[in-house]
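An overview of the molecular structure
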Amino acid sequence: MKNEMEIIFDAVSDNEGFARVAVAAFIAHLNPTLEEMADVKTAVSEAVTNSIIHGYENLKGYGRAERDWEEVHKGKVRVRCILEKEILRIEVADSGKGIEDVKKAMEPLFTTRPELERSGMGFAFMEAFMDDLEVESAPGKGTVVRMVKKIGTGSWIDCEG
Amino acid sequence: MDFQIIDNCLMIRLPEEIDHHEAGFICETADRYLLREDVRNVVFDFERTRFMDSSGIGIIMGRYRKISCFGGRVYAIHVDRQIERIFKLSGLNKVVEILNMPESLQGMDSVAESY
Ligand SMILES: Nc1ncnc2c1ncn2[C@@H]1O[C@H](COP(=O)(O)OP(=O)(O)OP(=O)(O)O)[C@@H](O)[C@H]1O
Ligand SMILES: [Mg+2]
């Protein structure tokens, strides 16, 4: 059986929680383990947050302090999920500023925004928590992150190894 | 979210979900407390936390950098399996000590109720 869903939302931090919960609900009927659920939610959260803060540089809503003087980019983030049997494919896309050097951006600890308390671990988490990760980006055009994960295998892959 | 100073420790009771949306508020508030010179160590309490992404790493690393130069230390309590996994993946477990509620911190449970 194939099932597909797509959500498109404003690139503001209020939607980070919404996006990961929507994806979690979409796969809930597969009875994923708690770990699988946490993995998927973390990966979605990383990709969506990257689109908001790096792609569109939308920092309004950062914390709770209202900062009305900050211009909000009208950009949208698109999250698309395709479920084929137990294989989940997630696509997170933005039409923001894009990434100059994707290979470099994906290195653990690499960040262009250390002043925002970013740690450069986002892509490393997506890679660790999903079975497959692909990033396509063009400067000035946007970024698409594609992730794949098999759900319901029940196996716990430890990260220590 | 709750912030409390016990002895020379800043106790931060983290929210249910730690993401970029929550991070700014936690950092800003924590840093206001850290300006007080009687605060030496920071304890992050994950008891209520059910979700954390890389934003949590930034919060903890940032506070670590601020206090470690004065000899302060960072501790984490009530760390569940998923959060511990994130700690290990990011190398955070090298700078943060995960405590399993030892004697010295036992009193905090009762104090925690009141804040
Ligand atoms: N959607 C995007 N648009 C533009 N640049 C991006 C996007 N996603 C990632 N990047 C770039 O790639 C870098 C690495 O991303 P990654 O998620 O690994 O780390 P980070 O976001 O900087 O920190 P963290 O995710 O740990 O908070 C970012 O600093 C940013 O420069
Ligand atoms: Mg990131």
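Our subject is the structure listed above.
Residues numbered from 1 in each chain as written. Chains lettered and ligands numbered in written order. Predicted model: local features only at pLDDT ≥ 70, side-chain atom pairs only at ≥ 80, totals over all residues. Heavy atoms only, no water.

1. A look at the overall build of chain A
- Within chain A, the regular secondary structure consists of 4 helices and 5 strands.
- Element order for chain A, N to C, with α for helix and β for strand: β-α-α-β-β-α-α-β-β.
- Here chain A, with 161 residues, has 52% of them falling under the buried criterion.
- Sequence-distant contacts in chain A: of pairs separated by 6 or more residues, those separated by 24 or more amount to 64%. (Helix = DSSP H or I, 4+ residues; strand = E, 2+ residues; numbered from the N terminus. Buried < 20%, exposed > 50% of the residue type's maximum accessible area, 1.4 Å probe, protein only. Contact = heavy atoms within 4.5 Å.)

2. Some points on helix 1 (residues 20–34) of chain B
All names here are of chain B.
- Between its first and last C-alpha atoms helix 1 spans 21 Å; for 15 residues at 1.5 Å apiece the expected length is 21 Å, and the two agree.
- Among all positions of helix 1, only His20, Glu22, Ala23, Gly24, Ile26, Cys27, Thr29, Ala30, Asp31 and Leu34 are buried.
- Among the residues of helix 1, the N-terminal cap falls to Asp19, whose side-chain oxygen and the backbone nitrogen of His21 are separated by 3.1 Å. (Expected span 1.5 Å × (residues − 1). Polar contact = N/O pair within 3.5 Å; in protein donor to acceptor, adjacent residues only side chain to side chain.)

3. A short note on the nonpolar core
- Ranked by size, the top nonpolar core spans 38 residues in total, and within it A:Val40, A:Val79, A:Ile90, A:Phe123 and A:Met147 carry the most contacts.
- The element contributing the most residues to this core is helix 2 (residues 34–55) of chain A, with 7 residues.
- If we skip the residues at most four places from it in the chain, A:Met147 touches A:Ala43, A:Val44, A:Ala47, A:Leu88, A:Arg89, A:Ile90, A:Val92, A:Met126, A:Met130, A:Asp132 and A:Leu133.
- Counting residues in each nonpolar core, the second largest holds 32 residues, with B:Cys27, B:Ile57, B:Ile83 and B:Ile86 among its members. (Core = buried A, V, L, I, M, F, W, Y, C linked by side-chain atoms within 4.5 Å.)

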